[in-house]
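Results of the structural survey
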Amino acid sequence: MITVSATAVGIPFDMEMPKLTDTTPNGATWVIIVVIIGAVISLIASKGYDTVSKAANWMSPVIVLAFVACGIVALNQLGVKSFTDFWNIWGEGSDPFPGQLKYTFWHVVIWSWFANAAMHVGMSDLSVFRFAKKESAGWTTAAGMYVGHYMAWIAAALLYAVYLKSPEAQAFLSNGEAPPVAPGPLANNAIGIFGIIAVVLAGWTTANPTIYRAGLAFQAIMPKVSTFWVTIIAGTVATIAGLFPAFAMKLLGFVALYGFILAPFGAIIVFEHFFHKKAGIVKNYAEVANIKFNKSVFLAWAISFGLFYFISLQFDVFLSFVTLPAWLLCGVLFLIFSKSFQKKTN
C-alpha cells in the first residue's frame, strides 16, 4: 500500500508510473517518494495503537466519500444510463495479457472473500481487537471490508475501464502492451486533487495497522526490543518491498499466496477455542506446558499447506479456491495432533 500511495504523491512531480510488467524501481523519484512515505507511516505506527486508530478515524470518512465519488464520475464518463449499460462494460471479457491470470466470475467472488484471509480468516486482526471493549467491535471489520473492498474494487474497475478508452491506453494496447495500473492517476482523472488525497490516505490507513501488527509479531521473536523499534523494523521491511512495483503489480496473486499461507493458523485458534473441551485437549497448551514450539501447530499447518499447495500447482487451481479446505483441514489436524501429543506428554 506504500506503493499505491506513491502513485498519487508522484503526480505533481510528473513521475513515471510503474507498468504492469515492472519489477524494479523505475527511477530516483520513485525511490525517494516511497522512502519518505514509508518513513512517515512507520513513525506513526510506532507511536502505538492510539495514534494508529486516531489516524484511521480521521481519514476513513474522506476515503469512503472518494470511493463513492469515483464510482459515480466513472459511470458518467462511461455513459452508463442503466444496469444493462453497466453490465455491458464487462461483457464476456477478453484474453488476458501474457503472464496474467484470466479471471472468471468465481475467481472474483472467491478472491474477494479471501483477499484478506491472513487478517480475518487467519485471525491477525486479534492483535488489534485485543483493545476492543465489547464483542460487537468485530462487526467493524465486516463494515470496513464492505466499503474498503467491495465498493472500492468496483469503483477501481470502473476507473480503469475509463482509462482503457483514453488515447494513452489505446497506444499501449495497439503495441500489444498492458497499460499501467496506477491508482493515483486513475483517481486524479476522475475527481482531481480529492482523488490524489484519497489514494494517499487509503494506502496510509491500510499500511499503518499492518505495520503495527507486524511490529507486534517481531516483538514476540525479539521480546527485549521496544515496541517502537520493532515497528520501525517492520516499516523498513515494508518500505523496501514498496520500492519494487512487482509486489503491487502482482497484488492479486501475492495476496492470494500470503493469505493461503497464514489463514490456516486462524483455524488453530478457532478450533481450539470452540472445540477444546469436546476434543479433550488443554487450551493454550504451549503456555500451560511452558513450551516454545508446539509440534501440533506446526504439523497441522505444514500438512494442510503442503497438500493443498501441491494440488494448486499440480492441477493449476487458483490458490484462493483451496484456502477454505486448507483452513478446515488444519483445524481438524490440530485437534488430532494435540490429543495425541498431549496424551503422550501427560
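I will try to describe carefully the structure that is included in this document.

Parameters at a glance
Residues numbered from 1 in each chain as written. Predicted model: local features only at pLDDT ≥ 70, side-chain atom pairs only at ≥ 80, totals over all residues. Heavy atoms only, no water. Patch = residues over 30% accessible without salt bridge, like charges linked within 9 Å, V, L, I, M, F, W, Y side chains within 5 Å. Areas by Shrake-Rupley, 256 points an atom, 1.4 Å probe, with all protein chains shown as cover. Salt bridge = Lys/Arg side-chain N within 4 Å of Asp/Glu carboxyl O. Buried < 20%, exposed > 50% of the residue type's maximum accessible area, 1.4 Å probe, protein only. Helix = DSSP H or I, 4+ residues; strand = E, 2+ residues; numbered from the N terminus. Contact = heavy atoms within 4.5 Å. Axes fitted to C-alpha atoms, helices over the stretch in contact; angles between N-to-C directions. Parallel < 35°, antiparallel > 145°, perpendicular 65-115°, else oblique. Left-handed = near helix turned anticlockwise from the far one by under 90°. Nonpolar A, V, L, I, M, F, W, Y, C, P; charged D, E, K, R; others polar. Phe/Tyr/Trp six-rings, centres within 6.5 Å; stacked < 30°, edge-to-face > 60°.

1. Concerning a nonpolar patch on the surface
Where nonpolar side chains cluster on the molecular surface, the patch consists of Ile240, Phe244, Phe247 and Phe254 and spans about 350 Å² of accessible area. Look at Ile240 and you get partly exposed, because its relative accessible area is 47%.

2. Some words on the side chain of Ser338
Its place among the elements puts Ser338 in helix H16 (residues 323-345). According to the relative accessible area criterion, Ser338 is buried, its value standing at 2%. For Ser338, the contacting residues outside a window of four places in its chain are Ile281, Ser296 and Lys343.

3. Quick word on the packing of helix H2 (residues 28-46) against helix H11 (residues 227-242)
Their axes nearest at 9 Å, the elements H2 and H11 cross at an angle of 155°. Here H2 lies roughly antiparallel to H11, going by the angle between them. The handedness of the crossing between H2 and H11 comes out as right-handed. Within the contact between the two elements, H2 uses Trp30, Val34, Val35, Gly38, Ala39, Ser42, Leu43, Ala45 and Ser46 and H11 uses Phe228, Thr231, Ile232, Gly235, Thr236, Thr239 and Gly242. Among the residues making up the contact of H2 with H11, the classes are represented as eight nonpolar, eight polar and no charged.

4. Thoughts on the side chain of Thr231
For Thr231, the position within the fold is in helix H11. Judged by relative accessible area, Thr231 falls into the buried class, the value being 0%. When residues no more than four places from it in sequence are discounted, the contact partners of Thr231 are Ser42, Ala45, Ser46, Ile211, Tyr212 and Gly215.

5. Section: helix H1 (residues 2-9)
Of all eight residues making up H1, seven are buried, and the element is well covered by its neighbours. If you check which residues of H1 are buried, you get Ile2, Thr3, Val4, Ser5, Ala6, Thr7 and Ala8.

6. Here's the deal with the packing of aromatic side chains
Tallied over the entire structure, the rule returns 13 aromatic pairs. Their ring planes at 15° and their centres at 5.7 Å tell us that Phe265 and Trp301 sit as a pair that is stacked. A residue pair is termed long-range when its members are at least 10 positions apart, and Phe265 in helix H13 (residues 251-279) and Trp301 in helix H15 (residues 295-314) qualify at 36 residues. Phe265 gets classed as partly exposed once you look at its relative accessible area, which sits at 31%. Considering the side-chain rings of Phe298 and Trp301, the 6.5 Å spacing of their centres and the 45° angle between planes classify their relative orientation as tilted. Of this pair, Phe298 and Trp301 both sit in helix H15, separated by three residues, roughly a single helical turn. Classification of Phe298 by relative accessible area gives partly exposed; the value is 41%.

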